[in-house]
Amino acid sequence: MTLLFDAAQRETPTTPRFRAYTSKHLDELLVRAGFDLEARLALRAVATVLPFRTNAYVIERLIDWTAVPDDPIYRLVFPQQDMLPADDVAHIAGLLRNQASRAEVESAAHRVRAKLNPHPAGQLQLNVPKLADEPLPGVQHKYPETALFFPKQGQTCHAYCTYCFRWAQFVGEPDLKMASDDVERFVAYLRAHPEITSVLITGGDAMIMTESVLARYVEPLIEVEQLESIRIGTKSLSYWPQRFVTDSDADDTLRLFERVVAAGKNLAFQAHFTHPREMEPDLVETAVRRILDSGAVIRTQAPLIRSINDDAQTWATMWRRQHAMGMVPYYMFVERDTGPQDYFAVPLARAYEIYREALASVSGLCRTVRGPSMSATPGKVCVDGVAEIAGRKVFVLHFIQARDPALVGRPFFAEYDPAATWLSDLRPAFADRFPHESS
Ligand SMILES: *Cc1c(COP(=O)(O)O)cnc(C)c1O
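Residues numbered from 1 in each chain as written. Predicted model: local features only at pLDDT ≥ 70, side-chain atom pairs only at ≥ 80, totals over all residues. Heavy atoms only, no water.

With respect to the domain arrangement of the protein
Considered domain by domain, the protein is made up of domain 1 (7-113), domain 2 (120-340) and domain 3 (347-439). At the boundary of domain 2 with domain 3, total buried surface from both sides reaches about 2,500 Å², with 63% on carbon and sulfur atoms. The interface formed by domain 2 and domain 3 includes zero salt bridges. Where domain 2 touches domain 3, the interface holds twelve residue pairs in polar contact (both at pLDDT 80 or more). For the side of domain 2 that touches domain 3, the secondary-structure elements that each account for two or more residues are β5 (139-143), α14 (312-324) and β11 (328-334). The element contributing the most residues to the side of domain 2 that touches domain 3 is β11, with seven residues. The residue makeup of the side of domain 2 that touches domain 3, split by class, is 15 nonpolar, two polar and eight charged. (Domains from an automatic or database assignment. Buried area = accessible area lost by both parts, 1.4 Å probe. Salt bridge = Lys/Arg side-chain N within 4 Å of Asp/Glu carboxyl O. Polar contact = N/O pair within 3.5 Å; in protein donor to acceptor, adjacent residues only side chain to side chain. Helix = DSSP H or I, 4+ residues; strand = E, 2+ residues; numbered from the N terminus. Nonpolar A, V, L, I, M, F, W, Y, C, P; charged D, E, K, R; others polar.)

Digging into the site of the ligand
In the vicinity of the ligand, the contacting residues are Gln-140, Lys-142, Tyr-143, Thr-146, Leu-148, Arg-231, Tyr-330, Tyr-331, Lys-380 and Gln-401. Here Tyr-330 contributes a side-chain N or O atom positioned 2.7 Å from an oxygen atom of the ligand. Tyr-331 places a polar side-chain atom, nitrogen or oxygen, 2.5 Å from an oxygen atom of the ligand. The protein chains hide 88% of the 380 Å² of surface that the ligand would expose on its own. (Near = heavy atom within 4 Å. Areas by Shrake-Rupley, 256 points an atom, 1.4 Å probe, with all protein chains shown as cover.)

Quick look at the pattern of salt bridges
In total, this model carries 16 salt bridges according to the counting rule given. Between Arg-289 and Asp-293 there is a salt bridge, with the nearest N and O atoms lying 3.4 Å from each other. Linking Arg-289 with Asp-293, this pair stays in helix α13 (residues 282-293), spanning four residues, or about one helical turn. As a salt-bridge pair, Glu-353 and Arg-356 come within 3.8 Å of each other at their nearest N and O atoms. Remark: Arg-356 and Glu-353 occur in helix α16 (residues 348-360); sequence separation between them is three residues, near one turn of the helix. The exposure class of Arg-356 is partly exposed, given its relative accessible area of 39%. The structure contains a network of salt bridges with shared partners spanning Glu-211, Glu-219 and Arg-259. (Buried < 20%, exposed > 50% of the residue type's maximum accessible area, 1.4 Å probe, protein only.)

Concerning unusual backbone geometry
Residues Gly-203 and Gly-204 are joined by a peptide bond in cis, for which omega reads 20°. Considering the arrangement of structural elements, one finds Gly-204 in the loop between β7 (198-201) and α10 (211-222). Omega for the bond connecting Gly-371 with Pro-372 falls within 30 degrees of zero, at -15°, which places this linkage in the cis form. By the element assignment, Pro-372 lies in strand β12 (residues 370-376). One non-glycine residue, Gln-99, lies in the positive phi region at around 50°. Tracing the backbone shows Gln-99 in the loop between α6 (86-97) and α7 (102-115). Judged by relative accessible area, which is 70%, Gln-99 ranks as exposed. Despite not being glycine, Ser-307 shows a phi value in the positive range, around 75°. Relative to the elements of secondary structure, Ser-307 occurs in the loop between β10 (297-304) and α14.

The following block contains the structure:
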């Protein structure tokens, strides 16, 4: 096969420019992984339904090709056959084998997507706020003190994670995109809502934007006095650390971060790391150092994903390494109930055990991480543990965040269920309804 990324090029000091690999390149990559024709057709079939995108850095530096298909980074970005029902995969694989028209393949893929329930867009559209009675698309304001902003140019990533809960917005389903390029209206909204002290720029990945585009969003926010922090949600430190080191706008980006800090605000860099492997390259260490030198704080978060990071050792290693590099472990999430959730889900009882065991083995300085946490409709629900109370085995839970701030930090209980993977699987214990359920 032709090499997608020239190995000699890797050794030269001039890093290649970012280039995405998409489903067009998938067959070639799967040949490299050693799959036969049938397996490749099945995997390509999955990639017609779920988004696939990666890049040379992930392919050449992060994946251990000798360990494919079990390699965690391979599983992080490449489709897996059993992510979708077998007959759907067989049907689309058959269309691909017979070189069916693009329209035919796309319409079959669309039908499979429609069955993947519930659609994440529901979550987004539920929370679209209003300014002067007009909806403000691309903004989400669910918790009083924090507003999320989805910039129009930030709606992709340097690579896609197979478990992404926002997957539907990356496959071109027309109704599922929501983003804004109207930072003036967003600022007007902030001024009308002085309770908002933190803005989270997310997507997609905010760092997919060049510095000049990012600055158009960040600069006006620096002027908003009430803001204490500007957060940037990103997986760029994992998928493209060059963004902060060798990209042509790396220095300008760090200067933009410095301007936020100089204005007396916290530039909170919310880094998504799934596996310790992502922190191994020297380039990541350099990128982290440069971001910290700008005065920004890096907090880390990731979901717990079956077959990728579902053991305590992996998390403990990850938190230790992050801590040693100067990053602050922040959240361990439970995989959301969207897309191929059945494939990736870890039961809550098991998630809690992994969290507890990992936490017990790291220094107190790493124990800033909270979880396992479910970002559910009423709020972020943390599984604090399993206890036996009055002869009943129960989950002890609390809201880290809630639509109704009165619920934050108050313990509540659910019947223990070793198979439950999400809040909706739980039944209240010692009460006939949960605190967030109205009477
Ligand atoms: C997680 C989240 C936030 C931020 O919550 P913190 O606990 O402050 O990190 C804000 N809005 C939404 C919709 C969220 O899911």
